[in-house]
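# Residue-level structure breakdown
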Amino acid sequence: MAKGSGSGQGREMLTSANVYRKIVLSYTYVGIWIFLSFMVIIFNKYILDRKMYNWPFPISLTMIHMAFCSSLAFLLVRVLKVVEPVVGMTREFYMSSVVPIGALYSLSLWLSNSAYIYLSVSFIQMLKALMPVAVYSTGVLLKKEVFKSQTMANMVGISLGVGIAAYGEAKFNGRGVMLQLGAVAFEAIRLVLIQILLTSKGISLNPITSLYYVAPCCFAFLSIPWILIEYPSLRYTSSFQFDYLVFGTNAACAFALNLAVFLLVGKTSALTMNVAGVVKDWLLIAFSWSVILDRVTSINLVGYGIAFIGVCFYNHAKLQVLKAKEAQKKVQADEEAGLLKDQKLDRLEEDRKNDSKP
């Protein structure tokens, strides 16, 4: 009895240690993602803001990111062979599926980075709370989501909160708001198209292969507005000297963020990233107010608080759906296991009867 009790305690301790290890790793992945996402946002703001580094060329900055990420992804996929290219990625499939996603991604990044020139970091994070609204609405329009009045009421609540936050914004800039809303819209369409064009066809891209295929496409698309909008200014009016330390570090942070997304989603879940994103937004708002000295009004906080509650409720609803699906899968697995056991017993009984016959 003592020996069995000790063995049971040992297994229990081992199980507890494994649980704690998983918890620690999950929080580590969350912490790495929040830190890198925080760094990229603040770094981009620092470079683009006219009162800081004063280099207001968002297309150029995005192209630097895409060139850096393309080069590293090519090195990891083709030279070092850390990951394998996607099987079935034909020229026709690339043009019909990856190119539209790359075009939308380039527009989203361009407009999102442009917004940093006109808006504070805190207000941009408040506007980004509209992402669930945009994704759900796009999914309903493209018939990837089922319309539910309760979910739509939740989306209206989030929109109302963001509207109140915008009303209370001390340095409201209409152009900056339109740029950020455009970035949210293009990103939402991109996310839904990934489900339609890639996931539904059994194609799965991790961040490295995603950058390998999408980043060069983004660079190509961005080169068109860059030639028309930013190249003349950079060539004739800017005394800019390329700072390899600043832009190299910035691009490296952007690449590392993509890897952190892979770790976070791959080792936990996309829902965990959504929840971590809410924590990151509050940290950025606090940093913007205390360090950058952006003005955050009480109406800002009330509005974002309403949107925050709506986003939390949305994430909670998604968690319940995931739990229900997991429970259903477990029931099906148990039923299949029971059926196999019954079939095995029937076969054994039949074999026994056959063996007993003269």
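Being a predicted model, the structure only gives us computed values, none of them experimental. Note on numbering: residues in each chain are counted from 1, in written sequence order. Residues qualify for local features only when their pLDDT is at least 70, as the model is predicted, and side-chain atom pairs are given and counted only at 80 or more; totals for whole chains, interfaces and linings, by contrast, use all residues. To obtain the side-chain values, all non-hydrogen atoms of the structure were used and water was disregarded.

### Points about the pattern of salt bridges
The test is simple: The salt bridge criterion pairs a side-chain nitrogen of Lys or Arg with a carboxyl oxygen of Asp or Glu, the two atoms within 4 Å. Throughout, exposure labels follow a simple rule: accessible area from a 1.4 Å probe, protein chains only, divided by the maximum for the residue type, with under 20% read as buried, over 50% as exposed, and the rest as partly exposed.
Applying the stated rule across the entire model yields three salt bridges. Ionic pairing is found between Asp 49 and Lys 45, a salt bridge with its closest N-O pair at 2.7 Å. For the pair formed by Asp 49 and Lys 45, the shared burial category is buried. Salt-bridge contacts for Asp 281 lead to Lys 280; the nearest nitrogen and oxygen are separated by 4.0 Å.

### Structural notes on the environment of Ala 251
Where we set the bar: Secondary structure follows DSSP: runs of H or I at least 4 residues long count as helices, runs of E at least 2 residues long count as strands, and numbering of each begins at the N terminus. We call two residues in contact whenever any of their non-hydrogen atoms come within 4.5 Å of each other.
Tracing the chain through its elements places Ala 251 in helix H9 (residues 244-267). Along the sequence, Ala 251 and Asn 44 sit 207 residues apart, while their C-alpha atoms lie 9.9 Å from each other. Ignoring any residue separated from it by four or fewer positions in sequence, one finds Ala 251 in contact with Ile 64, His 65 and Phe 68.

### Considering unusual backbone geometry
Notably, Asn 54 is not glycine yet its phi reads approximately 60 degrees, a positive angle. With respect to the helices and strands, the residue Asn 54 is situated in the loop between helix H1 (2-48) and helix H2 (58-79). What makes Asn 54 partly exposed here is its relative accessible area of 42%. A positive phi angle, close to 65 degrees, is found at Lys 143, a residue other than glycine. Relative to the helices and strands, Lys 143 is located in the loop between helix H5 (131-141) and helix H6 (149-167). For Lys 143, a relative accessible area of 74% translates into the label exposed.

### A closer look at the packing of aromatic side chains
Put simply, the rule is: Under the pairing criterion, centres of Phe, Tyr and Trp rings, with the six-membered ring standing for Trp, must be within 6.5 Å; the plane angle then separates stacked pairs below 30 degrees from edge-to-face pairs above 60, leaving the rest tilted.
Tallying each qualifying case throughout the model produces 14 aromatic pairs. A ring pair is formed by Trp 55 and Phe 247, whose centres lie 4.8 Å apart and whose planes are at 70 degrees; its orientation type is edge-to-face. In this pair, Trp 55 sits in the loop between H1 and H2 while Phe 247 sits in helix H9, placing the two residues 192 residues apart along the sequence. Ring centres 6.5 Å apart and planes at 25 degrees place the aromatic pair Phe 74 and Tyr 212 in the stacked group. Of the two residues, Phe 74 is situated in helix H2 and Tyr 212 in helix H8 (residues 207-236); the sequence distance between them amounts to 138 residues. When its relative accessible area of 46% is taken as the criterion, Phe 74 is described as partly exposed. Each residue in the set Tyr 46, Tyr 53, Trp 55, Phe 57, Phe 242, Tyr 244 and Phe 247 is aromatic and connected to the rest through ring pairs, giving one cluster.

### Topic: the nonpolar core
Applied cut-off: Side-chain atoms within 4.5 Å are what join buried Ala, Val, Leu, Ile, Met, Phe, Trp, Tyr and Cys residues into a set we call a nonpolar core.
By size, the foremost hydrophobic cluster in this structure holds 54 residues, and its most contacted members are Trp 33, Ile 47, Trp 55, Phe 123, Met 126 and Phe 247. It is H1 that contributes the most residues to this core, twelve residues altogether. Discounting residues that sit within four places of it in the chain, Met 126 has contacts with Val 162, Ala 165, Ile 285, Val 296, Asn 300 and Tyr 304. Counting residues in each nonpolar core, the second largest holds 29 residues, with Met 63, Tyr 105, Val 214 and Cys 218 among its members.

### A look at the side chain of Asn 258
Cut-off, in case you're wondering: A 3.5 Å cut-off defines polar contacts: any pair of N or O atoms within that distance qualifies, except that in protein one atom must be a possible hydrogen donor and the other a possible acceptor, and neighbouring residues in sequence count only when both atoms are side-chain atoms.
One can find Asn 258 in helix H9. A polar side-chain atom of Asn 258 sits 2.9 Å from the main-chain carbonyl oxygen of Ala 254.

### A look at a nonpolar patch on the surface
Put simply, the test is: Within this analysis, patches are made of residues with over 30% relative accessible area and no salt bridge. Like charges are joined at 9 Å or less; nonpolar side chains (Val, Leu, Ile, Met, Phe, Trp, Tyr) at 5 Å or less. Here, Shrake-Rupley sampling with a 1.4 Å probe gives the accessible areas, and only protein chains in the shown set may cover a residue.
A contiguous nonpolar surface patch, about 460 Å² in accessible area, is contributed by Phe 74, Leu 75, Val 79, Leu 80 and Val 82. Among the structural elements, Leu 80 can be located in the loop between H2 and helix H3 (91-118).

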